[in-house]
Amino acid sequence: MHPSIPPVSSFREYPAGGLAFAHRDLTGIAQLARHEILYLLDEAEQWLALNRQSQKRAALLAGLTIINAFFENSTRTLLSFEIAGKRLGADVVNMHAATSSVKKGETLIDTAITLNAMRADAIVIRHASSGAVRLIAGKVDCPVLNAGDGQHEHPTQALLDALTIRQALALPPGSDLNGLNVTICGDILHSRVARSNVLALTALGAQVRVCAPPALMPAEIEAMGVAVFHDFNAALKGANVVMMLRLQQERMQGQFIPSPREYRHLYGLTLDRLARAEPDALVMHPGPMNRGIEIDSQVADHLTRSLITQQVECGVAIRMACLDVLTRRARGVPGWPALSGAPA
Ligand code: CP
């Protein structure tokens, strides 16, 4: 047990069979009940173990076709969904918008209808527009997984982050994050990672602080059950986990910070500043990082404090769990009857 972490509750509370996850799609953490978050985390544990073996193949999804349709750039999410699908035995096809007929003017809905006609068994979508994933989910017959939509949500990122924390603290399956203090600092306004993490961490019982310059803090974010800080030094006091976010320049119109140098001075995580958190506080970053701006290399590469590479490892396991669970109904897995009238 991590010395500074208060005891967490540890129990399995999800209902049996198909009711453990009662959705066709994974469009956001907001749609999930707490027991569904815990269920996906617990399911991912077996895939962490498999992925650490030299033989990493399971045949669960043999014969299924998964399409990863990415309308925005990605390294971690795209590759880990591809690896996840392949390790589970599925045929995985990647569609990059930059080399697709989107460039010829094809609409999002026509693209969705086209992918659906190819009889995909699951479609993973990343898109620059908030709500695009839900729009596509309404047009296709198979499960749709959100790989990040605009400023809205990045649910598998929040799930992998929660799994990473559980692993780092050696918390057993079934554990929530009750009593943990998590500080999220950076461009909260434009961050789907922040939004999904706030939803997941608070559902799991963590106390969440968000910290940003006033221009990069969403209005009324307190309603999400977080404490709001503009002073990073104050936000670090008592933190068990510090989650850093990059400035999302691609979503900014106009100037939100005076200069990168000034931003780093006030909001960059240096080793000196990390000393203001709990002595054993852990550091996370979803990537990609802007080293020397929101996080220094001494922190990002710290052997005992940084969890950044562990986040990537957990990402593959979480995406395997999501692909498995969301395709169970179509695969006719016993105990997973078709949904009727359950939330999408
Ligand atoms: N964390 C994350 O979504 O990274 P990518 O943009 O590389 O997928």
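Coordinates for the structure precede this section.
First, a word on what this report is: a plain description of the structure on this page. (Residues numbered from 1 in each chain as written. Predicted model: local features only at pLDDT ≥ 70, side-chain atom pairs only at ≥ 80, totals over all residues. Heavy atoms only, no water.)

Counting secondary structure elements, the protein contains 11 helices and nine strands. The C-alpha atoms of the protein give 20 Å as radius of gyration, which agrees with the globular expectation for 344 residues (20 Å, within 12%). Projecting the C-alpha coordinates of the protein onto the three principal axes gives extents of approximately 55 × 50 × 40 Å. Excluding contacts between residues fewer than 6 apart, the proportion of contacts in the protein whose partners are at least 24 apart in sequence is 74%. With the model as given, the accessible surface of the protein reaches about 14,200 Å², and the carbon-plus-sulfur share is 53%. On the protein, the mean spot of the 32 positive side-chain charges and the mean spot of the 31 negative ones are 3 Å from each other. (Helix = DSSP H or I, 4+ residues; strand = E, 2+ residues; numbered from the N terminus. Rg over C-alpha atoms; globule rule 2.2 N^0.38 Å. Contact = heavy atoms within 4.5 Å. Areas by Shrake-Rupley, 256 points an atom, 1.4 Å probe, with all protein chains shown as cover. Lys, Arg positive; Asp, Glu negative; His and termini not counted. Charge placed at Lys NZ, Arg CZ, Asp CG, Glu CD.)

Attention now goes to the sheet that holds strand β5 (residues 181-185). The strand order across the open sheet built from five strands is β7-β6-β5-β8-β9, with neighbouring strands paired in parallel fashion. One side of each edge strand has no neighbouring strand; the edge strands of this open sheet are β7 (227-229) and β9 (282-284). The sheet shows a mean angle of 20 degrees between the axes of neighbouring strands, direction not considered. The pairing of β5 with strand β6 (residues 207-211) spans five bridges and is parallel. Looking across to β6, one finds that isoleucine 184 is bridged to valine 210. The strands touched by helix α6 (residues 192-203) are β5, β6 and β8 (241-244); relative to β5, the strand with the most contacts, the crossing angle is about 170 degrees. (Pairing = 2+ DSSP bridges. Axes fitted to C-alpha atoms, helices over the stretch in contact; angles between N-to-C directions.)

Now for the packing of aromatic side chains. Tallied over the entire structure, the rule returns three aromatic pairs. Centre to centre, the rings of tyrosine 14 and tyrosine 39 are 4.8 Å apart; their planes meet at 75 degrees, and the pair counts as edge-to-face. Residue tyrosine 14 is found in the segment before α1 (34-51), and its partner tyrosine 39 is found in helix α1; the two are separated by 25 residues along the sequence. Each member of the pair, tyrosine 14 together with tyrosine 39, is buried. Grouped by ring-pair contacts, the aromatic residues Tyr14, Tyr39 and Trp336 constitute a single cluster. (Phe/Tyr/Trp six-rings, centres within 6.5 Å; stacked < 30°, edge-to-face > 60°. Buried < 20%, exposed > 50% of the residue type's maximum accessible area, 1.4 Å probe, protein only.)

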